[in-house]
Amino acid sequence: MKKAFIFDLDGVIVDTAKFHYLAWRNLAKGIDFDFTTAQNEQFKGVSRVRSLEILLEMANYKATQEEKDAWLVQKNVEYLSYIQKMDQSEILPDVPRVLAYLIEKQQGIALGSASKNARPILERVALLDKFHAIVDGNDVTTAKPDPEVFVKGAQALGAAAKHCIVFEDSIAGIQAANTAGMTSIGIGDAAVLHEADHVFSDFTEMSNDFLDTLIQK
Ligand code: G6P
Ligand code: MG
């Protein structure tokens, strides 16, 4: 039967977490804070505004609203400079095979991302036309783990929550899918994503047979 497959973007379709990290690290340097890759894990799936709040809490820095506003712009300008150089080589392994299989099986495909840069990124890597619906950081008022982004993705595809399958690399995203009553599939470390219904280290581990079981469920 027809199901709705909802993909997160950063860390699921493309490896942009490294660019987010570089931009946050440079910003942190400006306030003498050494931002580590381990700390960056907490930023996955988290909105830009909330990420800055967490960074300032970590650095124990009390910023004015003017500073925060300027840093949010500065972070995004640097991030955009990285994504402007992206091409199809940045697509994570076997994402094209999974998308092609789901398209061949006439399944619904949506993006459900916290990023306000989702469309330009999908354009850069030439995947925009694979999605029947795009719900991103410009469309939602509440961030993951709130399920809003996935609920809107399901609505856009006309699918009931029980017929939705979410691919996510963040704990917040898995929790959002679970709260929505959707099937949650973690892409990444099984120890980190243990709340997911299924976990795969990446899409190369996910067979077309497994996709068939999701379609037929
Ligand atoms: C994704 C990423 C986060 C990022 C958020 C907002 O969820 O995992 O690291 O902060 O999107 O991205 P944006 O491109 O709008 O700054
Ligand atoms: Mg992600």
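All values derive from a computational prediction rather than experimental measurement.

**Looking at the coordination of the magnesium ion (ligand 2)**
Coordination of the magnesium ion (ligand 2) by the protein is provided by Asp8 (OD), Asp10 (O) and Asp169 (OD), with metal-donor distances spanning 2.0 to 2.2 Å. The sequence pattern formed by the donor residues of the magnesium ion (ligand 2) is D-x1-D-x158-D. One end of the pair, Asp10, is in the loop between strand S1 (4–7) and helix H1 (17–29); the other, Asp169, is in the loop between strand S4 (164–168) and helix H8 (171–180), with 159 residues separating them in the sequence. The exposure classification of Asp10 matches that of Asp169, with both residues buried.

**Notes on the site of ligand 1**
In the vicinity of ligand 1 lie 15 residues, with Val46, Arg48, Ser115, Lys116 and Asn117 positioned nearest. Going through the elements one at a time, helix H3 (48–59) and helix H4 (65–83) are the ones with two or more residues in the shell around ligand 1. Of the residues in the shell around ligand 1, the class split is four nonpolar, six polar and five charged. Composition of the shell around ligand 1 by domain shows at least three residues from each of domain 1 (4–15 + 90–216) and domain 2 (17–83).

**With respect to the side chain of Glu168**
Within the secondary structure, Glu168 sits in strand S4. Assessed through its relative accessible area of 0%, Glu168 is described here as buried. Of note is the side chain of Glu168, whose polar atom sits 3.0 Å from the side chain of Ser170. Apart from the residues within four sequence positions on either side, Glu168 is in contact with Asp8, Val12, Lys144, Phe150, Gly173, Ile174, Ile185, Gly186, Ile187 and Leu193.

**Focus: unusual backbone geometry**
Look at the link from Lys144 to Pro145: it is a cis peptide, with omega at 15°. The phi torsion at Gln106 lies on the positive side, around 55°, for a residue other than glycine. Tracing the sequence through the fold places Gln106 in the loop between helix H5 (95–104) and strand S2 (108–112). The exposure class assigned to Gln106 is exposed, which follows from its relative accessible area of 61%. Unusually for a residue other than glycine, Ala126 sits at a positive phi of about 60°. Inspection of the secondary structure assignment puts Ala126 in the loop between helix H6 (118–124) and strand S3 (133–135).

About the criteria used
- Throughout, a residue's number is its position along its own chain's written sequence, starting from 1.
- Each chain takes a letter, starting from A, and each ligand takes a number, starting from 1, following the order in which they are written.
- Where totals are concerned, whole chains, interfaces and linings use all residues; where local detail is concerned, this predicted model gives features only for residues with pLDDT of at least 70, and gives and counts side-chain atom pairs only at 80 or more.
- Processing note: side-chain calculations cover all non-hydrogen atoms of the structure and skip hydrogens and water entirely.
- Each metal site is built from N, O and S donor atoms within 2.8 Å (3.2 Å for Na, K and Ca), and since water is not included, such sites may look incomplete.
- Going along the chain from the N terminus, every DSSP run of H or I of four or more residues is numbered as a helix, and every run of E of two or more is numbered as a strand.
- For every residue, the accessible area obtained with a 1.4 Å probe (protein chains only) is divided by the maximum for its type, and the residue is called buried under 20%, exposed over 50%, and partly exposed between those limits.
- We call a residue near a molecule or strand as soon as one heavy atom of that residue lies within 4 Å of the molecule or strand.
- Classes in brief: Ala, Val, Leu, Ile, Met, Phe, Trp, Tyr, Cys and Pro nonpolar; Asp, Glu, Lys and Arg charged; the others, Gly included, polar.
- Reported domain spans reflect what an automatic or database domain assignment gives.
- What qualifies as a polar contact is a pair of N or O atoms within 3.5 Å, subject to a donor-acceptor requirement within protein and to the restriction that residues adjacent in sequence count only when both atoms come from side chains.
- Contacts: residue pairs with any heavy atoms within 4.5 Å of one another.

Geometric values such as these leave the question of function open.
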